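This is what each chain is made of:
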Amino acid sequence: MDLRRLLRWRVAPGALGLFCILSASASPWMMATARAQSGGSPEWTTDSFDSQRDGWQKHESAISAENAGNIRLLWKIKTDNKPMGMQSFREPLIIADVHTAAGNKTLAIVAGSANDVYAIDADAGTMVWQKTLKWSAATPQEAGEGRGFICTNALSATPVVTPPGEGERFLYVLASDGYLHILNLHDGEEQKTPVEMLPKADGKAYGLNLVRGIVYTITGQGCGGVPNAVYAYDTVNGKVSYSSPPQGGLWGVAGPAIGSDGTIYFESGDHPYDAKAGLLSTSFQAYSFSDDTLTLKDYYTPTNHEWLTKRDLDMDTTPVVFPYDGRDVLVGGGKEGRFFLLDSKSMGGADHETPLFRSDLISNANMNFQTQGTWGSLAAWKDQSGTQWVLAPNGGPTIVKFPTSYGPTPNGGILAFKVETKNGRPILLPAWQSRDMVTAEPPVVANGVVFALAGGEFTGQANDAEGGLFTAEQRIQRSIPAKLYALDALTGKELYSSGDQITSFLHQSGLAVAGGRVIFGTFDGTIYCFGIR
């Protein structure tokens, strides 16, 4: 390992107690990050909490299953954020002990669709700083708002902050012009000249991931003529790399997941399929990154991929990565309504078509390409007994009967599975199904509580009554206010509901949990904080 890579593993002094519960197989950078965060206040530094995208806030202690019924609206703040199509905010970040002009603060940092970044005092609910990212691309900014629900010309990637223990910390934000901005946390000022990370403006990028000094993202839909690929920016040498050839839409909203060995994972949507040419539509893909080069490492393609592509039942989630039985495994799915469990050592076997586990069809009996199946990203956690759990948002009713459920789910909700070993191989066993939720966002689990947002978004695409597709305006009019739920992570029982306190819906914006706070933004420009006082 060269010196510049070794420097990326610097660890700030901190408590060592967390090491005793980490797997002996955990990589050094995973252990360093966990140790550093354990020494201070809980944080949320990246989409879905960590690089593995497991949505598991491992450092929460203020909220528990015992007191979740006492959750209250702590504050809300209305911003001047301008929605773009259906886009408004990305998933918040929560960063502790930031030295500002008003003293040390815990900041909730939220990126808005029109290239505004808001830093809010997470205790007081007041604005600490606000930054509008200047247009840096050579091509002029396109007039209008990209009013479709697909290509919206909006900032669409959740930012990322340097993990604790990895040196000086900065906020990385990918603006809609394709340029990556590196900002100081304390005042939002640019640390250096913006970097052209995408080759053109208005590409649709998703959640930034920062591992060992490399910032990663993926793009979907070919918006703005930006190829669907993995993009990497090296924070040390300043170089940008991208994968080739272009793929189908890569639209897991949490961006790529990174395994314990640095492998980059994502799913691809519909596109021409030619494995020999590297065109892997409707597949799980794994890439390695070395010497500023992204290289295809492995892949898994379902045997019915041609049928899935024809029916527009894409693989469209960010897979979740977690250790199990001595190696990394992945779980993912898509609009088909089925889940896959893959071995990182051989994702699809010798033929690239044999996963560790392929579930029965869980939902979407009607093969609905627009409102059913699983979208977004998943979550994974372990309970005190050591049982591994996987959580997934789901649209529409289920086909499989879950041992525990809470009534009909015509709109869908959250599904919980246990990972168990059968005949020497891991499988997913249905455990519980939540109450009905209108457009469930990706769940988050913290201290035995699952937090879920029923986003309220109307997700229909094809307008059968009038022909063509619904416009963004029509979808906005048909959406309803969001609701926040807290559920018992072991049973799915409802512990708290926000009722009618939220007045707008949200689109792919997600939530963050840290230090007794649950923070998210809605389409009307309001940022909410619920929690325990």
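Quick note: structure is the one above.
These numbers come from a predicted model, not from an experiment. (Residues numbered from 1 in each chain as written. Predicted model: local features only at pLDDT ≥ 70, side-chain atom pairs only at ≥ 80, totals over all residues. Heavy atoms only, no water.)

**Student:** Sorry if this is basic, but what is going on with the overall build of the chain here?
**Tutor:** The helix and strand inventory of the chain stands at four helices and 36 strands. Expressed as lengths along the three principal axes of its C-alpha atoms, the size of the chain is roughly 55 × 55 × 50 Å. A sequence separation of at least 24 residues applies to 58% of the contacts in the chain between residues at least 6 apart. Across the chain, the mean location of the 43 positive side-chain charges is 2 Å away from that of the 54 negative side-chain charges. (Helix = DSSP H or I, 4+ residues; strand = E, 2+ residues; numbered from the N terminus. Contact = heavy atoms within 4.5 Å. Lys, Arg positive; Asp, Glu negative; His and termini not counted. Charge placed at Lys NZ, Arg CZ, Asp CG, Glu CD.)

**Student:** Could you clarify how one ought to interpret the sheet that holds strand E24 (residues 357-358) in this entry?
**Tutor:** Strands belonging to one sheet form pairs held by backbone hydrogen bonds; the direction of such a pair is parallel or antiparallel. Strand order in the open sheet made by the four strands is E21-E22-E23-E24, with antiparallel pairing throughout. Taken across any chain shown, the strands that pair with only one partner, and hence form the sheet edges, are strand E21 (320-324) and E24. Two elements, strand E23 (residues 339-343) and E24, share two bridges in a ladder whose sense is antiparallel. Counterpart to phenylalanine 340 in the pairing with E24 is arginine 358. (Pairing = 2+ DSSP bridges.)

**Student:** Just to check I follow, could you spell out the side chain of serine 504 for this structure?
**Tutor:** As for its placement among the helices and strands, serine 504 is situated in the loop between strand E33 (494-497) and strand E34 (512-514). Since its relative accessible area comes to 9%, serine 504 is described here as buried. Within the structure, the side chain of serine 504 is placed 3.4 Å from the backbone nitrogen of aspartate 524, a separation counted as a polar contact. In contact with serine 504, other than residues within four places in its own chain, are Ile480, Pro481, Ala482, Thr522, Phe523 and Asp524. (Buried < 20%, exposed > 50% of the residue type's maximum accessible area, 1.4 Å probe, protein only. Polar contact = N/O pair within 3.5 Å; in protein donor to acceptor, adjacent residues only side chain to side chain.)

**Student:** How do you make sense of the nonpolar core when you look at a structure like this?
**Tutor:** Inside soluble globular proteins, nonpolar side chains tend to come together where they are buried. Formed by 53 residues in total, the largest nonpolar core has its most connected members in Ile109, Leu171, Phe451, Leu484, Leu511 and Phe520. The contact partners of leucine 171, leaving out residues within four places of it in the chain, are Leu93, Ile109, Val117, Trp129, Pro159, Val160, Val161, His181, Ile182, Leu183 and Leu185. Counting 20 residues, the second-largest nonpolar core is a separate cluster that includes Val320, Leu356, Ala392 and Val419. (Core = buried A, V, L, I, M, F, W, Y, C linked by side-chain atoms within 4.5 Å.)

**Student:** For this particular structure, what's the right way to read the environment of leucine 73?
**Tutor:** For leucine 73, the location among the structural elements is in strand E2 (residues 72-78). Accessibility expressed as a relative area gives 24% for leucine 73, which makes it partly exposed. Linking leucine 73 and threonine 46, residues 27 residues apart in sequence, is a C-alpha distance of 24 Å. Not counting residues within four places of it along the chain, the set of residues in contact with leucine 73 comprises Gln501, Tyr528, Cys529, Phe530 and Arg533.

**Student:** Would you explain the pairing of strand E35 (residues 517-521) in this entry?
**Tutor:** Consecutive side chains of a regular strand alternate in pointing toward one face of the sheet and then the other. With respect to burial, E35 is a largely interior element, five of its five residues being buried. What you see with E35 is no split at all: Arg517, Ile519 and Gly521 on one side and Val518 and Phe520 on the other are buried throughout. In the sheet, E34 pairs with E35 via three bridges, with the strands oriented antiparallel. The partner of valine 513 across the bridge, within E35, is valine 518. Between E34 and E35, which pair antiparallel in sequence order, lie two residues; one of them, glycine 515, sits at a positive phi of approximately 60°. Note that E35 and strand E36 (residues 526-531) share five bridges and pair antiparallel. The partner of glycine 521 across the bridge, within E36, is isoleucine 527. Linking two consecutive strands that pair antiparallel, namely E35 and E36, is a turn of four residues; a positive phi of about 90° is found at glycine 525 within it.

**Student:** Just to check I follow, could you spell out the environment of asparagine 463 for this structure?
**Tutor:** Tracing the sequence through the fold places asparagine 463 in the loop between strand E31 (449-454) and helix H4 (472-478). The buried category is assigned to asparagine 463, whose relative accessible area is 5%. In this structure the C-alpha to C-alpha distance between asparagine 463 and glutamine 474, which are 11 residues apart in sequence, comes to 9.7 Å. Once you skip the residues sitting within four places of it in the chain, asparagine 463 turns out to touch Gly468, Leu469, Phe470 and Gln474.

**Student:** Help me understand the environment of aspartate 202 in this model?
**Tutor:** Structurally, aspartate 202 is set in the loop between strand E10 (195-196) and strand E11 (204-205). Along the primary structure aspartate 202 and glycine 125 are separated by 77 residues, whereas in three dimensions their C-alpha atoms are 31 Å apart. Excluding residues that lie within four positions of it along the chain, aspartate 202 makes contacts with Trp135, Glu142, Asn153, Ser176, Cys223 and Gly224.

**Student:** Honestly, the sheet that holds strand E16 (residues 257-258) in this entry has me stumped. Any pointers?
**Tutor:** Taken in spatial order, the four strands line up as E16-E17-E18-E19 in an open sheet, and their pairing is antiparallel. If you trace the sheet from one side to the other, it starts and ends with E16 and strand E19 (293-300), each paired once. Bridge analysis of strand E17 (residues 264-267) against strand E18 (residues 284-290) gives four bridges, and the strand direction is antiparallel. Bridge pairing in E18 places tyrosine 265 opposite alanine 286.

**Student:** Even after reading the chapter, I still don't get unusual backbone geometry, so can you show me in this structure?
**Tutor:** The phi angle of most residues is negative, glycine excepted, and most peptide bonds adopt the trans form. With omega at 5°, the peptide bond leading from serine 244 into proline 245 counts as cis. Here proline 245 lies in the loop between strand E15 (240-242) and E16. Here the phi dihedral of asparagine 364 falls at roughly 65°; this positive angle occurs in a residue that is not glycine. Inspection of the secondary structure assignment puts asparagine 364 in the loop between E24 and strand E25 (376-377).

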